[in-house]
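Letter by letter, the chains look like this.
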Amino acid sequence: MNVLLSNLVLALIWAALTDTMNAGGLVIGFFIGYLVLVLVFRQHPDVRQYRLRVPRMFSFVVFFTKELIMANLKVAYDVLTPIHLMKPGVIAMPLRAESDLEITMLANAISLTPGSLSLDVSSDRKVLYVHVMYLHNEDDVMNELKRMETKILRVMR
């Protein structure tokens, strides 16, 4: 049973029946579909795992949106003011992500955030090389990247 697909179909049905084919209608439909699936199929093993995954996905979306806004503001401030705070550098981030999908999701999330760019993955897939614009404290940057990796892995596993 593909629970995510079922939830998306229920969201589309909800949006079509209520004539709200917009983001708000789809989000409400997704939430109602989620509740229906969790309540009706609560004993199904796929649904039990899915029940935990959706709140984690929502948590990641909120976290990533906050990170995206803060990074945009930091880069915009640096561009618009005469004093440049940039200290670019490349760091090697040890990976806990193992699958290609997990590494790809992490690399894309890092690259989507202004001020950072995923450069390469080592041949043994244990290290991700990341270029950052603000490498004032390598430990702080590494902690931010690790926090993002942890959030992604909680959703994916």
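What you see is a predicted model, and the numbers here were worked out from it, not measured in a lab.

### A few points about the UniProt feature "transmembrane region" (unreviewed entry) in the protein chain
With numbering aligned to this structure, UniProt lists the feature "transmembrane region" (unreviewed entry) at residues 25-41. The distance from the first to the last C-alpha atom of residues 25-41 is 23 Å, and the span holds 94% helix and 0% strand.

### Structural notes on the pairing of strand β3 (residues 127-132)
Along any regular strand, the residues point their side chains to alternate faces of the sheet. Where strand β1 (residues 89-94) and β3 come together, six bridges link them in antiparallel fashion. Bridge assignment links Ala92 to a residue of β3, and that residue is Tyr129. Where strand β2 (residues 116-121) meets β3, five bridges bridge the pair, whose relative direction is antiparallel. Across the sheet, Asp120 pairs through a bridge with Tyr129, a residue of β3. Where β2 hands over to β3, the hairpin turn is made up of five residues, of which Arg125 adopts a positive phi near 60°.

### Re the packing of aromatic side chains
One pass over the structure, following the stated rule, counts three aromatic pairs. Aromatic side chains Tyr34 and Tyr50 sit 6.1 Å apart centroid to centroid with 55° between the ring planes, which places their arrangement in the tilted category. You can see Tyr34 sitting in helix α2 (residues 23-40) and its partner Tyr50 sitting in helix α3 (residues 45-80), a full 16 residues away along the chain. Comparing Tyr34 with Tyr50 shows no difference in burial state: the two are buried. Arranged with centres 5.8 Å apart and planes meeting at 20°, the rings of Phe60 and Phe64 form a pair that is stacked. Of this pair, Phe60 and Phe64 both sit in helix α3, four residues apart, which is roughly one turn of that helix. Given a relative accessible area of 15%, Phe60 falls into the buried group. You can call Phe64 buried: its relative accessible area is 13%. Here a set of aromatic residues connected by ring pairs shows up, and it is made of Phe60, Phe63 and Phe64.

Procedures and definitions
Residues numbered from 1 in each chain as written. Predicted model: local features only at pLDDT ≥ 70, side-chain atom pairs only at ≥ 80, totals over all residues. Heavy atoms only, no water. UniProt positions renumbered as here; feature names shortened; annotations may be inferred. Helix = DSSP H or I, 4+ residues; strand = E, 2+ residues; numbered from the N terminus. Pairing = 2+ DSSP bridges. Phe/Tyr/Trp six-rings, centres within 6.5 Å; stacked < 30°, edge-to-face > 60°. Buried < 20%, exposed > 50% of the residue type's maximum accessible area, 1.4 Å probe, protein only.

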